[in-house]
Amino acid sequence: TQLLEQSPQFLSIQEGENLTVYCNSSSVFSSLQWYRQEPGEGPVLLVTVVTGGEVKKLKRLTFQFGDARKDSSLHITAAQPGDTGLYLCAGVENSGYALNFGKGTSLLVTP
Amino acid sequence: ETGVTQSPTHLIKTRGQQVTLRCSSQSGHNTVSWYQQALGQGPQFIFQYYREEENGRGNFPPRFSGLQFPNYSSELNVNALELDDSALYLCASRPGPSGGVYEQYFGPGTRLTVT
């Protein structure tokens, strides 16, 4: 059972558009991570957010952790074809050894 | 610095058979975790190894077992394969066993198909 719900499941946009994907849970996590996975590859860590209300920026990507540490969002500004991939959020349990992943948002950015 | 490597890349097995997947952790990382990613799903935690011992396990049956070696490389063994075991198996390594925030590095995975 996936503890984290991601939305939307699929997203197809044109280059230059902005988008936001969401990651929601009924559970509180000690921290939350976002990964991007490309076909045939393993997930690559983009960011870790720890503090409720925290906002982190990575170039055109903005990550936010909810105040209650149950939800998060990823906003991409001026999407590029290179942003295409599967975006996964993963909550870190308090025990600290397991990542609980959502099903992911599959993003396609067309030129 | 060498990243996480996994072998083989692809594997086809028949139901009921046994399979062994291998993982070499990133240099300096002593903790290895295994995840199963079925098609259209996020990765599911199988178990974690630290200093050659399993120190965390997800909701997988005992026919999923593993080993970690003194050089921190690891194996995942699956006995009595079932069709639902078809998935991408991911290995991830990190520098410490537990607690707080950590960076975890994934390998490219082994694609297992059970027929």
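These lines cover the structure that appears in this document, whether it is placed above or below. (Residues numbered from 1 in each chain as written. Chains lettered and ligands numbered in written order. Predicted model: local features only at pLDDT ≥ 70, side-chain atom pairs only at ≥ 80, totals over all residues. Heavy atoms only, no water.)

Of the volumes computed, that of the largest pocket is approximately 540 Å³. Along the walls of the largest pocket sit 27 residues, with Gln 37, Pro 39 and Leu 86 of chain A together with Gln 37 and Arg 111 of chain B positioned nearest its centre. Within the residue set of the lining of the largest pocket, elements represented by two or more residues are β9 (85–92) and β11 (105–110) of chain A. The element best represented in the lining of the largest pocket is β11 of chain A, accounting for three residues. Of the residues in the lining of the largest pocket, the class split is eight nonpolar, 15 polar and four charged. (1 Å grid on protein atoms, 1.4 Å probe; cavity = no way out; pocket = protein on both sides within 12 Å on 5 of 7 lines; lining within 4 Å. Points joined across faces, edges and corners; volume = space filled by probe spheres on them. Helix = DSSP H or I, 4+ residues; strand = E, 2+ residues; numbered from the N terminus. Nonpolar A, V, L, I, M, F, W, Y, C, P; charged D, E, K, R; others polar.)

Attention shifts here to the state of the cysteines. Residues and elements named next belong to chain A. Under the criterion given, the structure shown has two disulfides over all chains. With a sulfur-sulfur separation of 2.0 Å, Cys 23 is cross-linked through a disulfide to Cys 89. Classification of the bridge connecting Cys 23 and Cys 89 rests on its S-S torsion, roughly 80°, and on that basis the disulfide is right-handed. Taken together, the positions of Cys 23 in strand β3 (residues 19–25) and Cys 89 in strand β9 put the pair 66 residues apart, joining distant regions of the chain. (Disulfide = S-S within 2.5 Å.)

Right, let's get into the sheet that holds strand β3 (residues 19–24) of chain B. Whenever strands of a sheet pair, they do so through backbone hydrogen bonds, lying parallel or antiparallel. Residues and elements named next belong to chain B. Read across the sheet, four strands follow the order β1-β3-β8-β7 without closing on themselves; strand pairing throughout is antiparallel. Looking at the sheet topology across the chains shown, the edges are occupied by β1 (5–7) and β7 (64–68). Adjacent strand axes in the sheet meet at a mean angle of 20°, parallel and antiparallel pairs treated alike. Both β3 and strand β8 (residues 74–78) contribute to a ladder of five bridges, which runs antiparallel. Opposite Leu 21, over in β8, you have Leu 76 as the bridge partner. (Pairing = 2+ DSSP bridges. Axes fitted to C-alpha atoms, helices over the stretch in contact; angles between N-to-C directions.)

Once that is clear, we can look at the side chain of Glu 54 of chain A. Residues and elements named next belong to chain A. For Glu 54, the location among the structural elements is in the loop between β5 (44–49) and β6 (55–58). The class of Glu 54 is buried, set by a relative accessible area of 18%. Within the local environment of Glu 54, its side chain forms a polar contact with the backbone nitrogen of Val 50, the two atoms lying 2.7 Å apart. Reaching out from Glu 54, the side chain makes a polar contact with the backbone nitrogen of Thr 51 at a distance of 2.9 Å. Not counting residues up to four positions away in its chain, the partners in contact with Glu 54 are Val 49, Phe 63, Gln 64 and Phe 65. (Buried < 20%, exposed > 50% of the residue type's maximum accessible area, 1.4 Å probe, protein only. Polar contact = N/O pair within 3.5 Å; in protein donor to acceptor, adjacent residues only side chain to side chain. Contact = heavy atoms within 4.5 Å.)

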